[in-house]
Amino acid sequence: MEPDRTLPTIALVVPCYNEQAALPETLPVLLGVLSTLSGSGRASEDSFILCCDDGSTDRTWDIIAEWHAREPRVKGISLAHNRGQQNALFAGLMTVLNSTTADAAVTVDADLQDAPEAIIEMVDHFRNGDDIVYGVRSSRTTDSWFKRNSARWFYGLQDRFGLETIPEHSEFRLMDRRALELLSEYGESNLYLRGIMPHIGLQSSVVTYARAARMAGESKYPLSKLISTSIDGITSFTAKPMRLIFMIGLVLLLTDIVVAVWVLMSHIRGIAISGWSSLMLSVWFLGSLVLISLGIIGEYIGKIFVEVKHRPRYAIHHTLL
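K.L.:
Quick rundown of the environment of Ile292? Include the residues and the values.
P.N.:
Position of Ile292 among the secondary structure elements: in helix H10 (residues 276–309). Distance from Ile292 to Ile245, taken between C-alpha atoms, is 9.2 Å for residues 47 residues apart in sequence.

This is the structure we're talking about:
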């Protein structure tokens, strides 16, 4: 079905995990965005918010249900178990595709650090013919020094390993129905949506915005999660780490040949070699390298192990549509 670009129905997909502090602040802001879109003739009055509760352990789902009871534009799905942001997003997007007549979906985090007003500009791009619109941060002035630099390291590492992503883009984007249909054909269990979206290849554009401070609650993306996400993205889209191991192996082989020649010449000349220190350093260095190499290979084998079982990504427990 071709999306309606004149007066489209827009779905705002909000992944939620333990967001009881943020949602009472977030939902009025997003409802205001929908009212602005419909009031200015940019979107249909049937546009809505879909909150995707990722197995929260606080009152997140109760808050969604309370808002749905008094405001029909607030809808929700609840996953039976915590499956992570990527699966919660995918569940919401597939719900929009299969259970509604929305023409486009905008994914936005519940903390509203991604500027809600940028959604209006995204819809304008969509109405002008773009199928995917990426939200890209123009600045991170509200982030700490550590957060800014760890994010720069995150994107730089992905770029060095040949991963095709949009720099300074997280999960804030608009996708029309054609993009959602193509996304639904990606069957891998190890989802990395930032890596998948550029592969879809439809007409796209970028909207820039300044990253704001979190409205309420605590960040769900500490350094450990950032590292885990980076590893998942790299191992899901490129085999370069294993090729790097092979190249290091070649370099070490050449080094070993040089050392062997040196040891042989020293033996012929009768020079005493007191190599205890160098031997211990070599053993520790090579042992560490072997363990790191096994860990990288293990990441790929683990991905294969998960994929071949073809388990469902998530189970939806409750729906409020």
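K.L.:
Describe helix H2 (residues 60–70), listing the residues and the values that go with them.
P.N.:
Within H2, the full set of buried residues consists of Thr60, Trp61, Ile63, Ile64 and Trp67. One side of H2 carries all its buried residues, which in axial view fall inside an arc of 160°. Turned more than 90 degrees off the buried face of H2, the exposed positions are Ala69 and Arg70. Considering only its buried residues, H2 is in contact with strand S1 (10–16), helix H1 (23–39), strand S2 (48–53), strand S3 (74–79) and strand S8 (316–320).

K.L.:
Describe the packing of H1 against H2, naming the residues involved and giving the relevant values.
P.N.:
In the contact formed by H1 and H2, the axes pass within 11 Å of each other and the chain directions differ by 35°. When the axes of H1 and H2 are compared, the crossing they make is right-handed. Where H1 abuts H2, its residues Leu23, Pro24, Leu27, Pro28 and Leu31 lie against Thr60, Ile63, Ile64 and Trp67. Residue classes in the contact of H1 with H2 are distributed as eight nonpolar, one polar and no charged.

K.L.:
Outline the nonpolar core, listing residues and values.
P.N.:
Ranked by size, the top nonpolar core spans 36 residues in total, and within it Ile49 and Ile119 carry the most contacts. Examining the composition of this core, we find that seven residues originate from one element, H1, more than from any other. Ignoring any residue separated from it by four or fewer positions in sequence, one finds Ile49 in contact with Leu12, Val14, Leu27, Leu30, Leu31, Leu34, Arg73, Val74 and Lys75. Judged by nonpolar contacts, the second largest core, of 29 residues, contains Val13, Phe48, Met94 and Ile132.

Rules of the game
Residues numbered from 1 in each chain as written. Predicted model: local features only at pLDDT ≥ 70, side-chain atom pairs only at ≥ 80, totals over all residues. Heavy atoms only, no water. Helix = DSSP H or I, 4+ residues; strand = E, 2+ residues; numbered from the N terminus. Buried < 20%, exposed > 50% of the residue type's maximum accessible area, 1.4 Å probe, protein only. Arc of directions from axis to C-beta. Contact = heavy atoms within 4.5 Å. Axes fitted to C-alpha atoms, helices over the stretch in contact; angles between N-to-C directions. Left-handed = near helix turned anticlockwise from the far one by under 90°. Nonpolar A, V, L, I, M, F, W, Y, C, P; charged D, E, K, R; others polar. Core = buried A, V, L, I, M, F, W, Y, C linked by side-chain atoms within 4.5 Å.

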